[in-house]
Amino acid sequence: MAKYIFIGGGVMSSVGKGITTASIGKVLQGRGYTVTAVKIDPYINVDAGTMNPIEHGEVFVTNDGTECDQDIGNYERFLNLDLSTDNYMTTGLVYLSVIQKERNLEFEGKCVEVVPDIPNEVIARIKKVEQKTGADFILIEIGGTVGEYQNMLFLEAARIMKLQEPENVLFALVSYLPIPSVVGEMKTKPTQTAVRTLNSAGIQPDLIFGRSNRPMDEPRKRKISIFCNLREEYIFSSPDVESIYEIPVIFEEQKLGDKILERFNVKEKDNNLNDWKALIERIKAPKKEVQIGVVGKYFETGEFNLMDSYISVIEAIKHAGWDQNVKPNITWLSSSKYENGEGLEELNNFDAIIVPGGFGTRGTEGKIKAIEYVRKNNIPFLGLCLGLQLSVIEYARNICGIKDATSREFDENGKNLVIDIMEEQKELLKNNNYGGTMRLGSWDCNIKKDTLAYNLYGSEDIKERHRHRYEVDNNYRKILEDNGLIFSGINKDKDLVEIIELKNHPYFIACQFHPELKSRPLTPHPLFVGLMKAAIKKEGL
Ligand code: GLN
């Protein structure tokens, strides 16, 4: 029988519910149990695929091609799991499936009602995860903040499950404890109010995680305990930390694992977070630093949004750095400034350059200039998705002499569309069928022997995750190849270019997929590790 822990947020959003959820999972894995996690987002969008990354943050993609919230990425990274469409739901998705069932007469003539039919659908989806994974613990994170109209129905699902099987369900509240600068003291009142709000939804929290920029002291804990009707041993301090990967260890120092197992009346099978602790040691004691430049658009909108839009790329860079015992310093370089070929010399200050994924025309000419510069100046380079497409355009223009080479995404009527759209995609777009229709999820890639890619992966058959509509046009493969571009990874089923690379360059490789989605802290991705090694070499470390 699985045990369930719901995780909700109090006071405000963005306090780290996702990381808290992932960390609770890590703690339970450390105690020898299998864990999985579900993210519930209260918006109407059926998935995250149609949302602007500046507003929503990165769109994460699972092996089965679900375009979902970035927290699924946090769960995968912390728990070292491959999750699927079952691990993610939104209000839109839940309503859509209830309405479809009603249309199919699956309710057999009954009046279908918001309560209990919507919470019942949520519960059925949670139970399906249990059946499919057989996990011992299922963590369910409810997006948003308690008291919001939007997530009431998900709190209802938690309440009903707690009512039906109280011995198997806990509710954790992740709440914010502000320290107003004029007062200089940690305030608990907003959290007390959040707990009252949760109470009015029929739920008493079993665990409270107090998020703050300082650790919670005893008097604060006592206050929360008295006013929120919860014993102190179930109140956990969750202060800001340098690296999010420290959080499971911080929770275990407060005996979180013991408390959860006691409440569920189960025994620990193990007590071991050793590999995680070793990772934290590596994070804290890097031997050297390397400078990584990321060239992209969206970079005028401020550091805060950026971090969110490129979270998997940032994490993948860090994982590779820690693996090599270096601290990577990431600098965001806005491509628009390179458009006229100016300012490119600054790229010499970096040990490696990444051109990440992206959509639309803005900023692409500057990125092409940056790719030309790193190619000519032997600066280690990794191109991701759009980064591959722009590398091919750059090579076609500057080496193959196809001066007007471009992508259909930037110029519908271009003459030399070295990057083009597949026929089936054309049809979809004609019908405005945008949701969930890109080339998505895990695809096979065959790697040519005696290439850099083969060296890095050490295998001829790999699988990587995709999210794009455009591809290298095969009609241009010969001329590109004749001029020295190496197609080192190919999807054989559809004959699609997956990896390109150059010889006689310290490190120049680009891929049509998103390797960052598969990087994990304990198993960094080979393409990023390769980049890091080349960066270390350039730095002369
Ligand atoms: N815009 C490009 C495409 O749709 C690249 C997408 C990406 O980088 N994820 O093919």
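Residues numbered from 1 in each chain as written. Predicted model: local features only at pLDDT ≥ 70, side-chain atom pairs only at ≥ 80, totals over all residues. Heavy atoms only, no water.

**Student:** When you look at the sheet that holds strand β19 (residues 486–491) in this model, what are you seeing that I'm missing?
**Tutor:** Within a sheet, neighbouring strands are paired by backbone hydrogen bonds and run either parallel or antiparallel to one another. Pairing in this open sheet of 9 strands is mixed, and the strands run β11-β10-β12-β13-β21-β20-β19-β16-β17 from one edge to the other. Since the sheet does not close on itself, it has two edges, and those belong to β11 (326–334) and β17 (461–468), each with one partner. Here the strands of the sheet are splayed against their neighbours by 25° on average, with no regard to which way each runs. Here 3 bridges tie strand β12 (residues 352–355) to strand β13 (residues 381–384), and the two strands are oriented parallel to one another. (Pairing = 2+ DSSP bridges. Helix = DSSP H or I, 4+ residues; strand = E, 2+ residues; numbered from the N terminus. Axes fitted to C-alpha atoms, helices over the stretch in contact; angles between N-to-C directions.)

**Student:** Quick question: what am I supposed to make of the pairing of strand β21 (residues 508–511) here?
**Tutor:** Residues in a regular strand project their side chains so that they alternate between the two faces of the sheet. Residues Phe508 and Ala510 line one face of β21 and the alternating positions Ile509 and Cys511 line the opposite face, and both faces are buried. In this structure, β13 lies alongside β21, joined through 4 bridges in parallel fashion. Note that in β21 the partner of Gly383 across the bridge is Ala510. Inspection of the sheet shows strand β20 (residues 496–501) paired to β21 by 3 bridges, in the antiparallel sense. Paired with Glu501 across the strands is Ile509, a residue of β21. Between the end of β20 and the start of β21, which pair antiparallel, lie 6 residues, with Asn504 showing a positive phi angle near 50°. (Buried < 20%, exposed > 50% of the residue type's maximum accessible area, 1.4 Å probe, protein only.)

**Student:** How should the layout of surface pockets be read in this particular structure?
**Tutor:** Unoccupied space between atoms shows up once a probe the size of one water molecule is rolled over them. Considered as a void within the structure, the second largest pocket measures approximately 720 Å³ in volume. Residue lining of the second largest pocket: 38 residues in total, with Gly49, Gly358, Phe359, Met438 and Arg467 positioned closest to the centre. Going through the elements one at a time, α15 (386–398), α16 (423–430) and β17 are the ones with two or more residues in the lining of the second largest pocket. Partitioned by chemical class, the residues of the lining of the second largest pocket number 17 nonpolar, 12 polar and 9 charged. (1 Å grid on protein atoms, 1.4 Å probe; cavity = no way out; pocket = protein on both sides within 12 Å on 5 of 7 lines; lining within 4 Å. Points joined across faces, edges and corners; volume = space filled by probe spheres on them. Nonpolar A, V, L, I, M, F, W, Y, C, P; charged D, E, K, R; others polar.)

**Student:** I keep staring at the nonpolar core and nothing clicks. Help me out?
**Tutor:** In a soluble, globular protein the nonpolar side chains are often hidden away together inside. Formed by 92 residues in total, the largest nonpolar core has its most connected members in Ile5, Phe6, Ile24, Leu28, Ile126, Phe209 and Ile260. Ranked by residue count, the leading element in this core is helix α6 (residues 152–164), at 7 residues. Among all residues touching Phe6, those that are not within four sequence positions of it are Ile126, Ile140, Ile142, Ala158, Met161, Val169, Leu170, Phe171 and Ala172. Tyr338, Ile368, Phe410 and Tyr476 belong to the second-largest nonpolar core, a separate cluster that totals 42 residues. (Core = buried A, V, L, I, M, F, W, Y, C linked by side-chain atoms within 4.5 Å. Contact = heavy atoms within 4.5 Å.)

**Student:** Please clarify how the site of the ligand should be interpreted in this entry.
**Tutor:** Near the ligand the following residues occur: Gly357, Gly358, Phe359, Cys385, Leu386, Gln389, Glu409, Arg467, His468, Arg469, Tyr470 and His514. Between a nitrogen atom of the ligand and a main-chain N or O atom of Arg467, the distance comes to 2.9 Å. The contact in question runs from an oxygen atom of the ligand to an N or O atom on the backbone of Arg469, over 3.0 Å. Calculation on the ligand without its partners gives an accessible area of 300 Å², and the protein chains cover 98% of this total. The cavity that encloses the ligand is the second largest pocket. Those elements that place two or more of their residues in the shell around the ligand are α15 and β17. Its residues assigned to classes, the shell around the ligand shows 4 nonpolar, 5 polar and 3 charged. (Near = heavy atom within 4 Å. Polar contact = N/O pair within 3.5 Å; in protein donor to acceptor, adjacent residues only side chain to side chain. Areas by Shrake-Rupley, 256 points an atom, 1.4 Å probe, with all protein chains shown as cover. Sits in = over half its atoms within 2 Å of the grid points.)

**Student:** Got a minute to help me understand the side chain of Glu501 in this structure?
**Tutor:** With respect to the helices and strands, the residue Glu501 is situated in strand β20. Of the side chains bearing the opposite charge, Lys503 lies closest to the buried Glu501, which forms no salt bridge; the N-O distance is 7.4 Å. A polar contact is formed between the side chain of Glu501 and the side chain of Ser488, at a distance of 2.7 Å. With residues up to four places along the chain from it excluded, the contact list for Glu501 reads Thr451, Leu452, Ala453, Leu485, Ile486, Ser488, Phe508 and Ile509. (Lys, Arg positive; Asp, Glu negative; His and termini not counted. Salt bridge = Lys/Arg side-chain N within 4 Å of Asp/Glu carboxyl O.)

**Student:** For this particular structure, what's the right way to read the packing of helix α3 (residues 70–79) against helix α13 (residues 311–323)?
**Tutor:** The angle between the axes and the distance between the axes are what describe a pair of packed helices. Direction vectors running N to C along α3 and α13 enclose 20°, while the axes themselves pass 10 Å from each other. Considering their axes alone, α3 and α13 lie roughly parallel with respect to each other. In this structure, α3 crosses over α13, and the sense of that crossing is right-handed. On α13, the residues that touch Gln70, Asn74 and Arg77 of α3 are Ile311, Ser312, Glu315 and His319. A breakdown of the residues in the contact of α3 with α13 according to their chemical character gives 1 nonpolar, 4 polar and 2 charged. (Parallel < 35°, antiparallel > 145°, perpendicular 65-115°, else oblique. Left-handed = near helix turned anticlockwise from the far one by under 90°.)

**Student:** Sorry if this is basic, but what is going on with the side chain of Gln425 here?
**Tutor:** Mapped onto the secondary structure, Gln425 falls in helix α16. Ignoring any residue separated from it by four or fewer positions in sequence, one finds Gln425 in contact with Thr437, Met438, Arg439 and Arg469.

**Student:** For this particular structure, what's the right way to read the packing of aromatic side chains?
**Tutor:** Each aromatic ring pair is characterised by the separation of its centres together with the angle its planes make. Applying the stated criterion across every chain yields a total of 10 aromatic pairs. Both rings, one in Phe78 and one in Trp276, keep their centres 5.6 Å apart while their planes meet at 40°; by these two values the pair is tilted. Of the two residues, Phe78 is situated in helix α3 and Trp276 in helix α11 (residues 274–284); the sequence distance between them amounts to 198 residues. Among the aromatic side chains, those forming a connected cluster through ring pairs are Phe78, Tyr245, Trp276 and Trp322. Directly above the aromatic system of Phe227 lies the positively charged group of Lys189, at a separation of 5.9 Å from the ring centroid. A cation over an aromatic ring shows up here: Arg263 above the ring of Tyr234, its NZ or CZ 5.3 Å from the ring centre. (Phe/Tyr/Trp six-rings, centres within 6.5 Å; stacked < 30°, edge-to-face > 60°. Lys NZ or Arg CZ within 6 Å of the ring centre and 35° of its normal.)

These figures capture arrangement, not role.
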